[in-house]
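Topology and contacts: notes
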There are 4 protein chains.
Amino acid sequence: MILVLSPDATPDQIEHILEHVRQSGFTPFPVKGEFRTIIGAIGDDTNPAAESFRVLPGVEQVLMILKPFKLASREFHKADSVIEVGPTKIGGGHLAVIAGPCAVENEETLDSIAARVKQAGANILRGGAFKPRTSPYSFQGLGEDGLRLLRAVGDRYQLPVVTEVMDTRQVELVNRYADMLQIGARNMQNFELLKEVGQTNKPVLLKRGMSATVKDLLMSAEYILAGGNNQVVLCERGVRGFEDSTRNMLDLAAVPNIKGQSHLPVIVDPSHATGRPDLIPPMARAAVAAGADGIHIEVHTCPEKALSDGPQALLPDQFDALMRDVQGLAKFFHKVLS
Amino acid sequence: MILVLSPDATPDQIEHILEHVRQSGFTPFPVKGEFRTIIGAIGDDTNPAAESFRVLPGVEQVLMILKPFKLASREFHKADSVIEVGPTKIGGGHLAVIAGPCAVENEETLDSIAARVKQAGANILRGGAFKPRTSPYSFQGLGEDGLRLLRAVGDRYQLPVVTEVMDTRQVELVNRYADMLQIGARNMQNFELLKEVGQTNKPVLLKRGMSATVKDLLMSAEYILAGGNNQVVLCERGVRGFEDSTRNMLDLAAVPNIKGQSHLPVIVDPSHATGRPDLIPPMARAAVAAGADGIHIEVHTCPEKALSDGPQALLPDQFDALMRDVQGLAKFFHKVLS
Amino acid sequence: MILVLSPDATPDQIEHILEHVRQSGFTPFPVKGEFRTIIGAIGDDTNPAAESFRVLPGVEQVLMILKPFKLASREFHKADSVIEVGPTKIGGGHLAVIAGPCAVENEETLDSIAARVKQAGANILRGGAFKPRTSPYSFQGLGEDGLRLLRAVGDRYQLPVVTEVMDTRQVELVNRYADMLQIGARNMQNFELLKEVGQTNKPVLLKRGMSATVKDLLMSAEYILAGGNNQVVLCERGVRGFEDSTRNMLDLAAVPNIKGQSHLPVIVDPSHATGRPDLIPPMARAAVAAGADGIHIEVHTCPEKALSDGPQALLPDQFDALMRDVQGLAKFFHKVLS
Amino acid sequence: MILVLSPDATPDQIEHILEHVRQSGFTPFPVKGEFRTIIGAIGDDTNPAAESFRVLPGVEQVLMILKPFKLASREFHKADSVIEVGPTKIGGGHLAVIAGPCAVENEETLDSIAARVKQAGANILRGGAFKPRTSPYSFQGLGEDGLRLLRAVGDRYQLPVVTEVMDTRQVELVNRYADMLQIGARNMQNFELLKEVGQTNKPVLLKRGMSATVKDLLMSAEYILAGGNNQVVLCERGVRGFEDSTRNMLDLAAVPNIKGQSHLPVIVDPSHATGRPDLIPPMARAAVAAGADGIHIEVHTCPEKALSDGPQALLPDQFDALMRDVQGLAKFFHKVLS
């Protein structure tokens, strides 16, 4: 950590700062410049006492040098983590294709979608039973009935299943049915929920919050890892921006950015990121080319009858065409899709 | 609702759209233009079936005309709502001054802060017992011990108390101690939590999420109101922006913007919005001048020993000076601070 | 255009609005709903009189249906435009690779860079002679001497050259030396400059402004096209966002988004978008996979001696490796790089 | 400046870095930590060679400690600058009220608006003769005829006049007619234009760009000051944000934020910031309460006939009411409006 002092810091203030730094467990190295003094404080930057440095009289800025996350960092775990969701692997050269409807609506629709995405090459089935909806008047999901249907249809097509958990009280229930627990963008900093899924033994799909930096996302992953569950897959799904012709702004550079700092796999969800079927296939191709460990695509056999987010789903034929490109690109980049 | 068709929509597609609109319970009024047809769809825009319109072949855009919230709207309730928190009123000409430390740390510190903010004119005491922290390694709050201290000190100084609730499982507990329940920015779209506090009989302080539009905020308020609890106070606390010299970007225009559309009181938190003690007093003054129904200020007797967010707290003397301005401005704008 | 009236618009106000719409050259079609009236106004949305509609008493919103640009639109020109820069083609299946240093510094450095990028497969040479720098104290470019060097080195390696023009007074001079004129992000809405390059007969590389929407970018292209110059290539180079670990946020979805609405070619500049050499190659690959008509890459033989933006340049060896991937992807997507 | 080395920097790399730092004119102070070395580099941070440090092998981050602007800084000039525009003073306790139409349209309209704003207490008249319009098909301003009208009407009502200059070639002409030259948001980083107005002897009103940080704005001011013209007034006019119910997002905290770092006066333009007449008066009041040195308000006698931006203009009666509040607040804050 580095403390930048203000140009008019007095000798007394500097002495007080050095003393406070030492008492907090850091070793201070002051450097006197022409205009001001800076103090290198050697120690553990995750030490919560460090927060107090910025408020000391005479301190102008505190610059953090070390990353505030440990277990999620490349330094802690050099090799790419490979996460297993049933028979499907994610990361370390293994590409995941998670596909399915936004929400589980009924068995017939889910079955017909699952049949098509399996045939096209998807290796994980998704579908929401608990739905976070902006409006209290929108369809909120089928709850346990939805979980039961998802499990049954997943088993029928030999696809492991992922579904969202929105509340600490739902974790035990969702855990009983799902192979992977999804934390949605709106709950990325629902820290009690992160702690709770950190206590389970299931892989977690953690979606980036709409205003979360890459560091924020990795700190949320750290909550899960610190709870003892090291099976975390991150998902870039678009952030809030000013462009008003797409639902969100897909920050695809986050993929190599995260992978440089962390061993955790990163997948991309172009469905939520763009909200437009015409933009989903090019962004899915781009995701693979950017080095993503998987893609997450909403597919629906009849978007106009979907109870949630129909407008952003691909039709099965569109998904088939996309998958032909994805398989070609996977081969080009020496990735395995199994 | 208005459906804008694409220039090459066929007569068959148009017929299918008109039929689908009618079956969903809307009355369609088509208008044929030179380049394209538009269809006015008269009915209830909060009807979830409306979502499906965008996906119909031949539809290019769907424009929502009506507001998607009802209970929170000015149309539903013309007069300003006045919310009572113990003896303190918020809204309708009543100004709230919520002050206190970021976190409850120990009785002595909390007592000394409460004594000073009471004396300066604050009318609600704040303090966190459950703290949402970006890092799992930071101080997470005292839990029930903190609630007990907050209650005791509030009673001692005859100040009603507000504190954050982060999880559905904490609602019953926090409700036992607090006069007002706070939903933090990170939980603004934790819909299960919104439903749960909607079942209580306590006023709720709902903070705007970092990437929430004004409409998103009002939709989250709608969740609480729809649950039967109509005591909601909204709080603007800064949104995520690109300016890197402040913690967030305070969107002060949200105050008159919300008040034009909704009867709910709106207060402003310049502490989290700016994260800098030098900017808090001018932004607090600006909030009152913009028509806010209150301000929310962090105060600490010794910021360098604070266990959370010390750098953004005012010292009691700074708070005293600010309160003299706030009282003068309240008088200027015919607001009551009691 | 659609006018949404307020719920309490009076019959007199509605009559005044209808009259005003007619006088402005539009045909109004009113539709009375349960809560409010909407008026479809059939006519030319680019008619400047339309701006006044929003201010009429009783009007709550004005919704534009038609795109505000004409010459840049797909409706105006269905096929992809192919722009020729010397012997190099951009668009319609032709991939451009623009490479070179940020600034022209001296002949030796420029020559060594040009030799390497030519050999690796680049087909346009870039280099700034007039440099837009945030600080007045930074290197501002070599001016005409830089143009002369760029021309000479381009000719030596048979590479057409592109360079930035920052001021209307420089257009004639830059036009004398360059094969393509670049308008930088900071000048995307320097409308006098757009008009001036619209009067030339040279292709223009128009970079997206840091806070420009896709529509804003197309409106700026419209300025050039309306001046009579239809050789415009657009460039996505990242927009301002809140992520603080990259220089800008690359909005790659803008590529298919623009190409759906416009016939103009779109290229991507991952150097400025990310500002980090480790992120440039993955984003360049992603750009090709997203359907971009070219990439724009800064290359320098000795970044630590570069006078401008050294930190974001690739070394020639890194560029070689990237080009091998780009050539493979071009083949995969049936694009020609010549 | 501080160089943070990577954990695996080799002794040879460190030696090369120290050597390079010395040769660039800085004195290096290395501090070896547990995980990595940091180097304090004492010298002139505006030295352009400093840019190259980030690219040296072994360097992970370069942290700038000193501000990159000099002439605009409080350190350079401790007292508030007071800028004189004809008889009107801005800054140091003097409040400017700049009012008038968006564009000069004809003498009659301008005269009637000037009469009203003068009577209400405005002390500078504004009106555009050269208009930066998003669309090439919109009204582009009256040019020199507009300047002549503005001058005549200003003289008639004894109001100094400010008007926008969009191009280096217009500076001489605008300078002949106006008392103050305005640089619009879209030209804030049109560096050639900044240099050109830096050569004049007229005060400059420099508006913040839509995606400019406070530091960017101060760097643009530095361009003008470095040219020898020290009469610069800054203007906060809203930045691009994700909130879609206002035109821009007003960053009012920028006012005290800038005033803490710079001696230059700062005014606020709530007309462009919000784009909504209902939000302009509360934001103008808030600006004064936040410590702004003036406000900039668009006023039109008949917004529905305005040729530009009618929807965001106040009517004269609304402006009168606002001015009564502004005068009361000026008195409350001991500001002079003359």
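On a predicted model such as this, the values are computed, not experimentally measured, just so you know.

**Structural notes on the overall build of chain A**
Across its full length, chain A carries ten helices and 14 strands. The dimensions of chain A, computed from C-alpha atoms along their principal axes, are 75 × 45 × 40 Å. Within chain A, buried positions represent 60% of all 338 residues. The long-range fraction of contacts in chain A, counting pairs at least 24 apart against all pairs at least 6 apart in sequence, stands at 65%.

**Thoughts on the interface of chain C and chain D**
Across the contact, 39 residues belong to chain C and 39 residues belong to chain D. Elements that contribute at least two residues to the side of chain C that touches chain D include exactly helix H5 (191-198) and helix H6 (214-226) of chain C. The class makeup of the residues in the side of chain C that touches chain D is 17 nonpolar, eleven polar and eleven charged.

**Overview of the pairing of strand E9 (residues 161-164) of chain D**
Residues and elements named next belong to chain D. With burial as the criterion, each face of E9 is covered, one bearing Val161 and Thr163 and the other bearing Val162 and Glu164. Here two bridges tie strand E8 (residues 124-126) to E9, and the two strands are oriented parallel to one another. Its bridge partner lying in E9, Leu125 is registered against Val161. Following the backbone out of E8, through helix H3 (residues 144-156) and into the adjacent parallel E9, one traces a crossover that is right-handed. Handedness of the crossover is the feature at issue here: the chain leaves E9, passes through helix H4 (residues 171-177), returns alongside strand E10 (residues 180-183), and the resulting connection is right-handed.

**Some thoughts on the interface of chain B and chain A**
Counting residues at the interface gives 39 residues for chain B, matched by 39 residues for chain A. By residue class, the composition of the side of chain B that touches chain A is 17 nonpolar, eleven polar and eleven charged.

**So, the environment of Pro30 of chain B**
Its place among the elements puts Pro30 of chain B in strand E2 (residues 27-32). A C-alpha to C-alpha distance of 9.8 Å links Pro30 of chain B and Val4 of chain B, two positions 26 residues apart in sequence.

**So, the packing of helix H2 (residues 107-120) of chain D against helix H10 (residues 316-332) of chain D**
Residues and elements named next belong to chain D. Contact geometry for H2 and H10: axes closest at 9 Å, N-to-C directions at 15°. Classified by the interaxial angle, the pair formed by H2 and H10 is roughly parallel. Of the two possible hands of crossing, H2 and H10 adopt the one that is right-handed. Contact residues: H2 offers Arg116, Val117 and Ala120, while H10 offers Pro316, Phe319, Asp320 and Met323. Taken together, the residues of the contact of H2 with H10 sort by class into five nonpolar, no polar and two charged.

**Here we look at the relation of the copies chain C and chain D**
The transformation that overlays chain C on chain D combines an axial shift of 0.0 Å with a rotation of 180°, and the residual RMSD is 0.1 Å. Such a combination of turn and shift is consistent with a two-fold rotation axis. When C-alpha distances to the rotation axis are compared across chain C, the minimum falls at Ser211 of chain C, with a value of 2.8 Å. Looking at chain C, 100% of its interface residues are interface residues in chain D too, so the copies touch through the same face.

**Considering the nonpolar core**
The tendency in soluble globular proteins is for nonpolar side chains to be buried as a group. In terms of nonpolar packing, the biggest core is built from 384 residues, with Leu252 of chain A, Leu252 of chain B, Leu252 of chain C together with Leu252 of chain D touching the most fellow members. Not counting chain neighbours up to four residues away, the residues in contact with Leu252 of chain D comprise Leu250, Leu252, Met283 and Ala286 of chain B together with Val268, Ala286, Ala287 and Ala290 of chain D.

**Quick notes on the packing of helix H9 (residues 280-289) of chain B against helix H9 (residues 280-289) of chain D**
Here H9 of chain B crosses H9 of chain D at 150°, and the two axes come no closer than 8 Å. By the angle class used here, H9 of chain B and H9 of chain D are roughly antiparallel. H9 of chain D is crossed by H9 of chain B, and the crossing has right-handed handedness. Two secondary-structure elements touch here, H9 of chain B through Arg285, Ala286, Val288 and Ala289 of chain B and H9 of chain D through Arg285, Ala286, Val288 and Ala289 of chain D.

**Details of the domain arrangement of chain A**
It is common to report an interface's size as the accessible area lost on association of the parts. The assigned domain composition of chain A is domain 1 (2-63) and domain 2 (83-332). With centres defined by C-alpha atoms, the gap from domain 1 of chain A to domain 2 of chain A works out at 44 Å.

**Things to note about H9 of chain B**
Residues and elements named next belong to chain B. For H9, the buried fraction is high: ten of the ten residues fall into the buried class. Taken as a whole, H9 has its buried residues at Ile280, Pro281, Pro282, Met283, Ala284, Arg285, Ala286, Ala287, Val288 and Ala289. One or two positions beyond H9, positive phi appears at Gly291, with a value near 100°.

**Digging into the environment of Phe53 of chain D**
All names here are of chain D. Tracing the backbone through its elements, the reader meets Phe53 in the loop between strand E3 (37-42) and strand E4 (59-63). Each C-alpha atom of the pair Phe53 and Asp80 lies 36 Å from the other, and the pair is 27 residues apart in sequence. Discounting chain neighbours no more than four positions away, the residues touching Phe53 are Leu3, Val59 and Val62.

**Things to note about the pairing of strand E1 (residues 2-5) of chain A**
Two faces, one strand: in a regular strand the side chains alternate between the faces of the sheet. All names here are of chain A. Where E1 and strand E4 (residues 59-63) come together, four bridges link them in antiparallel fashion. Following the sheet pairing, Ile2 is matched in E4 by Leu63. Pairing analysis gives three bridges linking E1 to strand E3 (residues 37-42), with the strands arranged antiparallel. Along E3, the bridge assignment pairs Leu3 with Ile39.

**Describing unusual backbone geometry**
Of note, the phi angle at Gln158 of chain A is positive, near 55°, even though the residue is not glycine. Examined against the element boundaries, Gln158 of chain A turns out to sit in the loop between helix H3 (144-156) and strand E9 (161-164).

**A word on the relation of the copies chain B and chain A**
What relates the two chain copies is a rotation about an axis together with a slide along it. For the pair chain B and chain A, the best superposition has an RMSD of 0.0 Å and corresponds to a rotation of 180° with a translation of 0.0 Å parallel to the axis. Most of the interface of chain B is mirrored in chain A, where 100% of its interface residues are also at the interface.

**What about the sheet that holds strand E3 (residues 37-42) of chain B?**
Residues and elements named next belong to chain B. Pairing is antiparallel in the open sheet, where four strands are placed in the order E2-E3-E1-E4. On the outer flanks of this sheet lie E2 and strand E4 (59-63), each paired with one strand and no other. Geometrically, the sheet is characterised by an average inter-axis angle of 20° between neighbouring strands, direction not taken into account.

**Quick look at the confidence of the model for chain A**
Averaged over all residues, the pLDDT of chain A is 93; the fraction at 70 or higher stands at 99%. Interface confidence for the predicted complex, given as ipTM, is 0.93, next to a pTM of 0.94.

**Digging into helix H6 (residues 214-226) of chain D**
Residues and elements named next belong to chain D. End to end, H6 covers 18 Å across 13 residues, agreeing with the expected 18 Å (1.5 Å per residue, within 8%). Within H6, ten of the 13 residues are buried, which leaves it mostly tucked inside the rest of the structure. Val214, Leu217, Leu218, Met219, Ser220, Ala221, Glu222, Tyr223, Ile224 and Leu225 are the residues of H6 that are buried. Buried residues belonging to H6 abut helix H5 (191-198), strand E11 (204-207), strand E12 (232-236) and helix H7 (254-261). Where H6 terminates, the next one or two residues include Gly228, which has phi positive at roughly 110°.

Scoring rules and cut-offs
- Residues numbered from 1 in each chain as written.
- Chains lettered and ligands numbered in written order.
- Predicted model: local features only at pLDDT ≥ 70, side-chain atom pairs only at ≥ 80, totals over all residues.
- Helix = DSSP H or I, 4+ residues; strand = E, 2+ residues; numbered from the N terminus.
- Buried ≥ 20, exposed ≤ 12 C-beta atoms within 10 Å, placed from the backbone.
- Contact = placed C-beta atoms within 7 Å.
- Nonpolar A, V, L, I, M, F, W, Y, C, P; charged D, E, K, R; others polar.
- Pairing = 2+ DSSP bridges.
- Right-handed = clockwise from strand over helix to strand, strands pointing away.
- Axes fitted to C-alpha atoms, helices over the stretch in contact; angles between N-to-C directions.
- Parallel < 35°, antiparallel > 145°, perpendicular 65-115°, else oblique.
- Left-handed = near helix turned anticlockwise from the far one by under 90°.
- Least-squares fit on C-alpha atoms with pLDDT ≥ 70 in both.
- Core = buried A, V, L, I, M, F, W, Y, C linked by C-beta atoms within 7 Å.
- Domains from an automatic or database assignment.
- pLDDT = per-residue confidence, 0-100.
- Expected span 1.5 Å × (residues − 1).

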